[in-house]
Amino acid sequence: MTKMADSSSSVEIVEGCRLPVLRKNQEHEDEWPLAEILSVKEVSGRKLYYVHYIDFNKRLDEWVTVDRLDMKKLQFPKKEAKTPTKNGLPGSRPSSPEREVRKSLDLNVQPTATAPSRGKTLPTPKRKVESTVPLVAQVTPASPVFSLPVSTETPQGAIFPAVRETNAFKSREDHEQLSSLTTNGTARRLIPAQPGRKRKANCGGTDEMIKVLQYNNPQSASVFLPPPEDSQDSSDGIPTAPRMTGSLVSDRSHDDIVTRMKNIECIELGRHRLKPWYFSPYPQELTSLPILYLCEFCLKYLKSLKCLQRHLTKCNLRHPPGNEIYRKGTISFFEIDGRKNKTYSQNLCLLAKCFLDHKTLYYDTDPFLFYVMTEYDCKGFHIVGYFSKEKESTEDYNVACILTLPPYQRRGYGKLLIEFSYELSKVEGKTGTPEKPLSDLGLLSYRSYWSQTILEILMDLKPDNGERPQITINEISEITSVKKEDVISTLQYLNLINYYKGQYILTLSEDIVEGHERAMQKRHLRIDPKCLHFTPKDWSKRGKW
């Protein structure tokens, strides 16, 4: 039973209490969301409370004064229920033969190098099968089926961050159901016919292409995806769980109240002052400063403006260390080796951790490359954002962390970083995918990029000598360097896949086409492959390190 505080009595607010807290929403209107008290401190005789708004992103957490708290609805922390006791020892559960056997087995099993998946399903061993999805097209009246799900907070165990499906696939009695592609059941994969079970299809083998028939109105076309006959279900499309070792995914199992709270009040970086969103492990003595000063070229952190000015007289850098591998106009990209430029890489990760909640372990940068995007003016090359990637990735990751600094967000730079990462994958001759889990903003950027890239290809298909143009999922993946699983999940995210006369079809309605054209007109920043000067290295040879 939740205890409610009496407004007339003097009640001490302690950590763990919950109550409504006054804040301004996006429309600058007052609202009272429920919040949890994480910490209490006293400054100049006045108490301040650090609150986390329930069901809101952690970056909105803040220190508030008592006048913003609704004491009438104060909820005290609930006492944890004690588990049943065994042999008089509290906290232990009643024994069962199965658990005793499991416990004895666990004692003989050595822990593996990677953490197990925290999702709802475990990774399945992969079986090698033909991955080309057969597709045949036929023009039908288009239906306005375009609907964008709303992204939500990402659970750690999710392979793809959670999205709410507003238009889910409807069950039908005349065909098999689609099964889950991800552990949280949000993006779903097409299941081929079960072994030994044949289904009617207008086309034959698994090598059949997507055939698109263009009419006078190319904006209403349907692409048919019949399932292959006698094919077995493959786990090839099931991504594995996020790795906790050898990556920039931080281990959340040791989170405590300290790392849940922002510890830096303000950062001055060049001409910008940034308000951090999350905890970052800067030295303890710097966390009490009102402003933390950073050199915008070497990213060294200093405790005062005078120290920064003295540092700038000695700092010779006017651009990130490393090789400039791309320049067009004022935009440049620099490739930085985490082993050769360890101090800069660690400082970059410390800065990035202020805006990334569940990524960026900063102390071991040797296995990573960092690609920093800059904007040039007469004073030098100013950092806009960056992404990092493993030198050797066994799971086809082409991005470990990606960040656009807040002053440059919502200006197209995030999508430019994503596009650049795939251009590198094209030069390397690989397909790639970002390391999971993605942040909420990262998910939105990637979904948007994948959608625009795939729709651009589908809409550019033209008839060849009167024949229908042909393309496969594999070819889309090879053209874009986007992994097959991401191609399929994007088609389903856009709700393009429908079921018609025993076949899976892709329907491009006029609404989708018009929305895509409007989006592309706003997308002014693009990567020019001709301006990229990049030679990939074989990092499997230790001499390259």
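Residues numbered from 1 in each chain as written. Predicted model: local features only at pLDDT ≥ 70, side-chain atom pairs only at ≥ 80, totals over all residues. Heavy atoms only, no water.

Undergrad: Which parts of the structure should I look at to understand the side chain of Thr-480?
TA: Of note, Thr-480 is situated in helix 6 (residues 473-480). Of the residues examined, Thr-480 reaches a relative accessible area of 3% and is grouped as buried. Looking at Thr-480, its side chain comes within polar contact range of the main-chain nitrogen of Val-482, at 3.2 Å. (Helix = DSSP H or I, 4+ residues; strand = E, 2+ residues; numbered from the N terminus. Buried < 20%, exposed > 50% of the residue type's maximum accessible area, 1.4 Å probe, protein only. Polar contact = N/O pair within 3.5 Å; in protein donor to acceptor, adjacent residues only side chain to side chain.)

Undergrad: What should I look at first to understand the environment of Leu-299 in this one?
TA: Take Leu-299: it is sitting in the loop between strand 16 (292-294) and strand 17 (301-302). Residues Leu-299 and Gln-346, spaced 47 residues apart in sequence, show a C-alpha to C-alpha distance of 9.3 Å. Setting aside residues up to four positions removed in sequence, Leu-299 forms contacts with Leu-269, Leu-294, Tyr-344, Asn-347, Leu-348 and Leu-351. (Contact = heavy atoms within 4.5 Å.)

Undergrad: What is the right way to read the environment of Val-64 from this model?
TA: Of note, Val-64 is situated in strand 6 (residues 62-65). With 17 residues separating them along the chain, Val-64 and Lys-47 place their C-alpha atoms 8.8 Å apart. Not counting residues up to four positions away in its chain, the partners in contact with Val-64 are Val-21, Lys-47, Leu-48, Tyr-49, Val-51, Tyr-53 and Leu-69.

Undergrad: Just checking my understanding: could you explain a negative patch on the surface for this structure?
TA: Taken together, Glu-510, Asp-511, Glu-514 and Glu-517 make up a surface patch of like negative charges. You can see Asp-511 is positioned in helix 8 (residues 510-522). For Asp-511, a relative accessible area of 44% corresponds to the partly exposed category. (Patch = residues over 30% accessible without salt bridge, like charges linked within 9 Å, V, L, I, M, F, W, Y side chains within 5 Å. Areas by Shrake-Rupley, 256 points an atom, 1.4 Å probe, with all protein chains shown as cover. Salt bridge = Lys/Arg side-chain N within 4 Å of Asp/Glu carboxyl O. Lys, Arg positive; Asp, Glu negative; His and termini not counted. Charge placed at Lys NZ, Arg CZ, Asp CG, Glu CD.)

Undergrad: So what exactly am I meant to see when it comes to the packing of aromatic side chains here?
TA: Two aromatic rings, taken as a pair, are described by how far apart their centres are and by the angle between their planes. The tally for this structure, following the rule as stated, stands at 17 aromatic pairs. An angle of 55° between the planes, with centres 5.4 Å apart, marks the rings of Tyr-446 and Trp-450 as tilted. Here Tyr-446 and its partner Trp-450 are both found in helix 5 (residues 440-460), four residues apart, which amounts to about one turn of the helix. Here Tyr-446 and Trp-450 have matching classes, each one buried. Taken together through their ring pairs, the aromatic side chains of Tyr-326, Phe-333, Tyr-371, Phe-387 and Phe-420 make up a single cluster. Lying across the ring of Trp-63, Lys-41 places its NZ or CZ 4.2 Å from the centre. Taking NZ or CZ as reference, Arg-59 lies 4.9 Å from the ring centre of Trp-277, over its face. (Phe/Tyr/Trp six-rings, centres within 6.5 Å; stacked < 30°, edge-to-face > 60°. Lys NZ or Arg CZ within 6 Å of the ring centre and 35° of its normal.)

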